[in-house]
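# Observations on the model geometry
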Amino acid sequence: MEQDLKIYDYVIIGAGAAGLHLSLAMLTDEWFANKHILILDKDDKKVDDKTWSFWEKGAGKWDDIIEKSWSKGKFNTKTESIELDLAPYLYKTLPSINFYDFGRKKIAETEHIKWIKDAVKTVNNIGDKIEIRGERSTYFAKQVFDSRIDKGFESAREQHFTLQQHFKGWVIETEKPVFDPTTFVMMDFQVKWQDSACFTYVLPVSPTKALVEFTLFTEDLIAYDAYDDYLRRYIKEALKIEQYHISKVEFGIIPMSDYPFEKANLPHIMKIGTAGGHVKPSSGYAFKNIEKAAQKIIHNLKNNRAPEHGIINKKFRWYDSLYLDVLVNHNELGESIYTDMYRKNSIQQIFKFLDDETNLMEDLKIIWSFKFSPFLKALLYNLSGIRIK
Ligand SMILES: Cc1cc2nc3c(=O)[nH]c(=O)nc-3n(C[C@H](O)[C@H](O)[C@H](O)COP(=O)(O)OP(=O)(O)OC[C@H]3O[C@@H](n4cnc5c(N)ncnc54)[C@H](O)[C@@H]3O)c2cc1C
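All values reported here derive from a predicted model rather than from experimental measurement.

## Regarding the site of the ligand
The environment of the ligand is formed by 33 residues, the closest being G14, G16, A18, G252 and G273. Secondary structure elements with two or more residues in the shell around the ligand: α1 (17–27), β2 (37–41), β3 (51–57), β16 (245–257) and α5 (287–302). With four residues, β3 is the single largest residue contributor to the shell around the ligand. Counted by class, the shell around the ligand contains 16 nonpolar, ten polar and seven charged residues. The two domains that each donate at least three residues to the shell around the ligand are domain 1 (2–45 + 95–155 + 258–302) and domain 2 (53–93 + 162–257).

## Examining the packing of α1 against helix α2 (residues 96–109)
When two helices pack together, their arrangement is given by the angle between the helix axes and by the axis-to-axis distance. Where α1 meets α2, the closest approach of the two axes is 10 Å, and the angle between their N-to-C directions is 35 degrees. Crossing of α1 against α2: the hand is left-handed. Taken together, the residues of α2 that come into contact with α1 (itself represented by L20, S23, L24 and L27) are F99, G103, K106 and I107. A per-class count over the contact of α1 with α2 returns five nonpolar, two polar and one charged.

## Points about unusual backbone geometry
Working note: non-glycine residues mostly have negative phi, and peptide bonds are mostly trans. For the bond from A87 to P88, the omega torsion is 5 degrees, close enough to zero to count as cis. Note that P88 resides in the loop between β6 (81–85) and β7 (89–95). Of note in the backbone geometry, N304 takes a positive phi value of approximately 60 degrees without being a glycine. Position of N304 relative to the elements: it lies in the loop between α5 and α6 (314–329). Here N304 falls in the exposed class, since 6 other C-beta atoms lie within 10 Å of it.

## Brief notes about the environment of V212
Along the chain, V212 turns up in strand β15 (residues 209–218). In this structure V212 comes out as buried when scored by C-beta crowding, with 25 C-beta atoms within 10 Å. Here the alpha-carbon distance between V212 and V326, two residues 114 residues apart in the chain, equals 27 Å. Setting aside residues no more than four positions away along its own chain, V212 makes contact with G169, W170, I172, T200, V202, L231, Y234 and I235.

## Re the pairing of strand β12 (residues 162–173)
Pairing of β12 with β16, which is carried by twelve bridges, proceeds in the antiparallel orientation. By the bridge assignment, V171 is partnered in β16 with K248. In the sheet, β12 pairs with β15 via ten bridges, with the strands oriented antiparallel. Bridge pairing in β15 places W170 opposite V212.

## With respect to the domain arrangement of the chain
The domain architecture assigned to the chain consists of domain 1 (2–45 + 95–155 + 258–302), domain 2 (53–93 + 162–257) and domain 3 (314–384). Put simply, the middle of domain 1 and the middle of domain 3, counted by C-alpha atoms, are 32 Å apart. Each side of the interface is counted separately: domain 1 has six residues, and domain 3 has six residues. When its residues are assigned to classes, the side of domain 1 that touches domain 3 shows two nonpolar, two polar and two charged.

## Quick look at the nonpolar core
Residues V11 and V212 are the most contacted members of the largest nonpolar core, which totals 97 residues. The residues contacting V11, other than those within four sequence positions of it, are L38, L40, I132, Y139, A141 and V144.

## Brief notes about the sheet that holds β3
Here we have three strands laid out as an open sheet, ordered β3-β7-β4, and antiparallel in their pairing. Only two strands of the sheet have a single neighbouring strand rather than two, namely β3 and β4 (68–70). Averaged over neighbouring strand pairs, the angle between their axes works out to 25 degrees when direction is ignored. Inspection of the sheet shows β4 paired to β7 by three bridges, in the antiparallel sense. Across the sheet, W70 pairs through a bridge with Y91, a residue of β7. In the packing of α2 onto the sheet, the strands contacted are β3 and β7, and the crossing angle to β7 comes to about 75 degrees.

## Re the packing of helix α8 (residues 347–354) against helix α9 (residues 360–368)
The N-to-C vectors of α8 and α9 enclose an angle of 110 degrees; their axes lie 11 Å apart at closest approach. In terms of axis orientation, α8 runs roughly perpendicular to α9. Crossing handedness for the pair α8 and α9: left-handed. From α8, Q349, K352 and F353 reach across to α9, where they touch E362, D363 and I366. Split into classes, the residues belonging to the contact of α8 with α9 amount to two nonpolar, one polar and three charged.

## So, the sheet that holds β12
On the basis of which strands lie adjacent, the open sheet formed by seven strands has the order β6-β5-β13-β14-β15-β12-β16 and mixed pairing. Edge positions in the sheet fall to β6 and β16, since each of these pairs with one other strand and no more. Taken pair by pair, the neighbouring strands of this sheet meet at an average axis angle of 20 degrees, ignoring direction. Sitting on the sheet, helix α4 (residues 224–237) touches β12, β14 (198–206) and β15, and the angle it makes with β15 is about 130 degrees.

What counts, and at which threshold
Along every chain, residues carry numbers that run from 1 in the direction the sequence is written. Per-residue local features are limited, in this predicted model, to residues with pLDDT of at least 70; the limit for side-chain atom pairs, both in listing and counting, is 80 or more; totals at the level of whole chains, interfaces and linings are taken over all residues. A residue counts as near a molecule or strand when its C-beta atom, positioned from the backbone, falls within 6 Å of it. Secondary structure counts use DSSP, requiring at least four H or I residues in a row for a helix and at least two E residues in a row for a strand, with both numbered from the N terminus. When residues are sorted by character, Ala, Val, Leu, Ile, Met, Phe, Trp, Tyr, Cys and Pro go into the nonpolar class, Asp, Glu, Lys and Arg into the charged class, and all the rest, Gly among them, into the polar class. Domain segmentation is taken from an automatic or database assignment of domains. Lines fitted to C-alpha atoms define the axes here, with helix axes fitted over just the stretch in contact, and angles between the N-to-C directions of these axes take values from 0 to 180 degrees. Left-handed describes a crossing whose near helix is turned anticlockwise from the far helix by less than a right angle; the clockwise case is right-handed. Our contact criterion uses C-beta atoms placed from the backbone: two residues qualify when those atoms are within 7 Å. Buried means a residue has 20 or more other C-beta atoms within 10 Å of its own C-beta, exposed means 12 or fewer, and partly exposed covers the counts in between; C-beta atoms are placed from the backbone. In this scheme, strands are said to pair when DSSP sees at least two bridges between them. The term nonpolar core refers to a group of buried residues, namely Ala, Val, Leu, Ile, Met, Phe, Trp, Tyr and Cys, whose C-beta atoms join them within 7 Å. Between 65 and 115 degrees an angle is taken as roughly perpendicular, under 35 as roughly parallel, over 145 as roughly antiparallel, and anywhere else as oblique.

Written out as structure tokens, the structure reads:
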């Protein structure tokens, strides 16, 4: 077994969304110019395994590598279609391979940061430094950022409100122009799996090409083929498309849980990304949250604070927990909760709320738009431990 005897200032485990956001934030900040940084990943990151979508106001950092952006969207049910005029926000989509390639290139161009392929097995505090044992070598660091999810999550998930956001998406291509590439579909409840919280999401990147994704927020997964049946039905019944071919398939599972992931942080070992609780529990959106967390980490390090300081917002985590309680116990309410939210609030306020940026008055207005009784029951349970049926 090799040993890399150098003591890195920072070792980042994982070159996914969180690892790359953090590395890129470090290498574009002069303060880190004399720091030695190592990024380790078990994988080459050469596969386009995710389509990251997010919203932000106007121009953004990743505009050169995104695939497309939209200023208009729709929210659909069987009986209504709500137009979403996003300005000043844009909804953007970024193929993960563009982000991996961009990150790899920037890292290769920068001397004080190195990327090594290795699978990390253990991370231990051994006194004055952290020892990271990989399959190929052992490394040492003053501070570690770790994207591996704490094993405690699997055993503790039953004690928390936990759903899985699971989805299968097809990129479909047609010969004739059938899509309106100016408008994406945020949520469409026309085709549903039983009475569960599920919807379809459509990102038309051109008149002949779109990602169509069937998504569920449920405790258990469904049979792998069942997603295909629902995608076929949606494409036929809602999009009215008969002739198409599938050029790409995406499958994913995102944990939606009020499990306190950040509890796995140890002195000089901070969990990041999904592992750090940086996925918004009630929506599964994470790309921008992870970027914001990286900026806070940078700020904390520069100000000699613990890197995790101020990243988790307790108020919004509490709302997320109430929401998860409602959906775990009343999964059938998914459609009506979202319909109320989109009917009664502007998309700008919804984005602001989902970004954890609203003030108490704005929160109350959003919360007021939901059906009262399941949320009241969740609140009572949260405060008293008594569950009203
Ligand atoms: C298919 C899919 C689509 C998604 N789409 C969106 C979206 O549209 N918008 C959005 O905001 N969020 C989305 N998410 C949620 C979230 O943005 C992603 O899950 C995001 O990738 C999480 O970042 P991460 O760094 O925590 O994990 P990852 O990006 O998965 O990165 C973890 C990295 O750690 C590496 N690793 C793991 N174990 C080890 C080990 N032992 N040693 C070394 N390396 C290791 C892995 O190889 C991987 O590269 C999506 C998630 C999935 C699964």
